[in-house]
Amino acid sequence: MKLAQFNQGRIGIVQGEMIFDVTDEAGVNPALWPPTGMVQTIAQFDQIRPKLEACVATRPGQTLHSVRLDAPIAWPNKVIAFPANYHAHIEEMEKGPGLISTNKTGGQGFFLKANSSLSGPSDAIVIPNVPGREVHHECELAIIIGRRGRNIQRHDALEYIFGFCCLVDVVIRGKEERVMRKSFDTFCPIGPYIVTREEIADPNNIDMELRVDGDLRQSANTRDLIVGIEEMITMSASVMTLEPGDIIASGTPAGVGPIKPGEMLTIDITGVGRMSLPVIADRSPSHGVWNVQSNR
Ligand code: MN
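Residues numbered from 1 in each chain as written. Predicted model: local features only at pLDDT ≥ 70, side-chain atom pairs only at ≥ 80, totals over all residues. Heavy atoms only, no water.

## What about the overall build of the protein chain?
Okay, step 1: When you go through the protein chain residue by residue, the secondary structure sums to six helices and 20 strands.
Okay, step 2: For 296 residues, the compact-globule estimate of 2.2 N^0.38 gives 19 Å, and the C-alpha radius of gyration of the protein chain, at 19 Å, lies within 12% of that figure.
Okay, step 3: Across its three principal directions, the C-alpha atoms of the protein chain cover 60 × 45 × 35 Å.
Okay, step 4: Across the 296 residues that make up the protein chain, the buried fraction comes to 54%.
Okay, step 5: Pairs at least 24 residues apart make up 77% of the contacts formed inside the protein chain by residues separated by at least 6 positions. (Helix = DSSP H or I, 4+ residues; strand = E, 2+ residues; numbered from the N terminus. Rg over C-alpha atoms; globule rule 2.2 N^0.38 Å. Buried < 20%, exposed > 50% of the residue type's maximum accessible area, 1.4 Å probe, protein only. Contact = heavy atoms within 4.5 Å.)

Pasting the structure below:
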């Protein structure tokens with residue numbers, strides 16, 4: 001199943017070029033704040049799934065292009081992110097001038113991105129006005145957690161996955177705290193919808209690519225992950241309780257590079273989806289903290 005959020009908090013099932021509104025059967029009030037409708041839908045999915053599936057057979061759908069797709073999850077408990085998680089990317093970072101050196105063993109753990117950095121498939125990526133800095137794209141598979149868990153065993157880890165979506169981990173390169181550099185609004189586009197786990201035959205064999213204005217920048221397969229999908233779940237759950245709707249950004253492959261206002265970024269993950277996102281400029285002045293250190 002492909003589960004989307006659309007038209008400001010409505011829940012829909014995507015089938016082909018159509019979307020079926022199941023907001024009522026999911027028991028979601030789209031006007032509610034905070035906007036946790038998809039998190040609730042995921043948490044109770046096993047119980048409501050038959051009702052949702054019935055809607056596709058019994059209701060008229062709308063064409064996908066007639067609605068506005070939102071970020072499939074707006075208000076998760078957390079966004080967990082794994083750093084450089086493919087060998088080829090670690091090599092390129094170590095060669096780069098003054099860029100942070102990384103740990104080849106994959107033993108450096110994970111970090112968090114602000115939940116408020118999430119944006120959706122219909123949103124632009126807004127580049128902050130920080131002169132002299134590069135803003136880079138990172139093409140990543142997002143793992144969506146389906147149920148609560150702590151201290152999860154490796155052989156159970158896949159059971160905790162609700163589904164997958166595309167995720168772009170956007171970052172200002174520099175030496176400031178990573179969370180600040182990665183947490184601007186719109187620095188975590190996700191979507192276009194969540195593809196539930198059973199639709200992906202082998203999560204450890206998924207092709208992905210990212211293009212900027214049509215030029216191929218990143219191309220990888222999840223079989224080349226350093227910290228694999230099961231291990232990301234067991235490591236995260238060894239530290240904190242995973243909740244339904246939590247998002248794990250699985251780390252970037254090689255080929256990261258700058259994006260600039262006026263460009264169009266496209267992320268495409270086989271079997272998961274595709275999003276094209278315009279890149280625009282924020283003209284408002286940046287805080288002085290960005291002047292303290294240079295890009296190098
Ligand atoms: Mn990343």
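Read on, since the account is not over.
## Examining unusual backbone geometry
Okay, step 1: Trp-33 connects to Pro-34 through a cis peptide bond whose omega is 0 degrees.
Okay, step 2: Its location among the elements puts Pro-34 in the loop between strand 3 (18–21) and helix 1 (37–43).
Okay, step 3: Phi is positive for Asn-7, close to 45 degrees, though the residue is something other than glycine.
Okay, step 4: You can see Asn-7 is positioned in the loop between strand 1 (2–6) and strand 2 (10–15).
Okay, step 5: Despite not being glycine, Thr-186 shows a phi value in the positive range, around 70 degrees.
Okay, step 6: Within the secondary structure layout, Thr-186 lies in the loop between helix 4 (178–181) and strand 14 (188–196).

## Describing the sheet that holds strand 13 (residues 171–172)
One key point about sheets: their strands pair by backbone hydrogen bonds, in either a parallel or an antiparallel sense.
Okay, step 1: Taken in spatial order, the three strands make up an open sheet running 13-10-18, and their pairing is antiparallel. The open sheet has two free edges, formed respectively by strand 13 and strand 18 (257–258), since each of these has just one partner strand. (Pairing = 2+ DSSP bridges.)

## Details of the pattern of salt bridges
Okay, step 1: Applying the stated criterion across every chain, the model contains 19 salt bridges.
Okay, step 2: Note that Lys-2 is salt-bridged to Glu-199, the shortest N-O span being 3.2 Å. Here Lys-2 is found in strand 1, whereas its partner Glu-199 is found in the loop between strand 14 and strand 15 (207–212), with 197 residues between them in sequence.
Okay, step 3: In this structure, Glu-159 and Arg-197 form a salt bridge, with 3.8 Å as the shortest nitrogen-oxygen distance. Of the two residues, Glu-159 is situated in the loop between strand 11 (139–145) and strand 12 (161–168) and Arg-197 in the loop between strand 14 and strand 15; the sequence distance between them amounts to 38 residues.
Okay, step 4: For Glu-159, a relative accessible area of 43% translates into the label partly exposed.
Okay, step 5: Where salt bridges share partners, they join Lys-113, Glu-138, Asp-169, Arg-173 and Lys-182 into one cluster. (Salt bridge = Lys/Arg side-chain N within 4 Å of Asp/Glu carboxyl O.)

## A word on the packing of aromatic side chains
Okay, step 1: Enumeration according to the criterion identifies five aromatic pairs in this entry.
Okay, step 2: Between Phe-184 and Phe-187, the aromatic rings sit 5.1 Å apart at their centres with planes inclined by 50 degrees, giving tilted as the arrangement.
Okay, step 3: Overall, the relative accessible area of 23% leaves Phe-184 in the partly exposed class.
Okay, step 4: The buried category is assigned to Phe-187, whose relative accessible area is 0%.
Okay, step 5: Clustering of aromatic rings is evident, with ring pairs tying together Phe-184, Phe-187 and Trp-290.
Okay, step 6: Above the plane of the ring of Tyr-160 lies Arg-147, whose end atom (NZ or CZ) is 4.1 Å from the centre. (Phe/Tyr/Trp six-rings, centres within 6.5 Å; stacked < 30°, edge-to-face > 60°. Lys NZ or Arg CZ within 6 Å of the ring centre and 35° of its normal.)

## Here's the deal with the coordination of the manganese ion
Okay, step 1: Distances from the manganese ion to its protein donors, namely Glu-138 (OE), Glu-140 (OE) and Asp-169 (OD), fall within the range 2.0 to 2.1 Å.
Okay, step 2: Of note, the donors binding the manganese ion are all from one chain and are spaced E-x1-E-x28-D.
Okay, step 3: Take Glu-140: its relative accessible area is 0%, and that puts it in the buried class. (Donors = N, O, S within 2.8 Å, 3.2 Å for Na, K, Ca; no water.)

## Focus on helix 2 (residues 45–58)
Okay, step 1: Between its first and last C-alpha, helix 2 extends 19 Å over 14 residues, near the 20 Å set by a 1.5 Å rise per residue.
Okay, step 2: Of all the positions in helix 2, only Phe-45, Ile-48, Leu-52, Cys-55 and Val-56 are classed as buried.
Okay, step 3: Taken together, the buried residues of helix 2 touch strand 1, strand 2, strand 3, helix 1, strand 12 and strand 14. (Expected span 1.5 Å × (residues − 1).)

## Description of the side chain of Glu-230
Okay, step 1: Its place among the elements puts Glu-230 in helix 5 (residues 229–239).
Okay, step 2: For the buried Glu-230, no salt bridge exists, and the shortest N-O distance to an oppositely charged side chain is 4.7 Å, to Arg-154.
Okay, step 3: Within the local environment of Glu-230, its side chain forms a polar contact with the side chain of Asn-204, the two groups lying 3.5 Å apart.
Okay, step 4: Residues within four places of Glu-230 in sequence aside, it is in contact with Arg-154, Ala-157, Leu-158 and Asn-204. (Lys, Arg positive; Asp, Glu negative; His and termini not counted. Polar contact = N/O pair within 3.5 Å; in protein donor to acceptor, adjacent residues only side chain to side chain.)

## Concerning the sheet that holds strand 20 (residues 273–285)
Okay, step 1: If you trace the five strands from one edge of the open sheet to the other, you get 9-20-19-15-16, paired in mixed fashion. Edge positions in the sheet fall to strand 9 (125–129) and strand 16 (215–221), since each has one partner strand and no second. Each adjacent strand pair in this sheet contributes to an overall mean axis angle of 20 degrees, direction not counted.
Okay, step 2: The pairing of strand 19 (residues 264–269) with strand 20 spans six bridges and is antiparallel. In the sheet register, Ile-267 faces strand 20, and the bridge partner there is Met-275. (Axes fitted to C-alpha atoms, helices over the stretch in contact; angles between N-to-C directions.)

Purely geometric stuff here, so don't read any function into it on its own.
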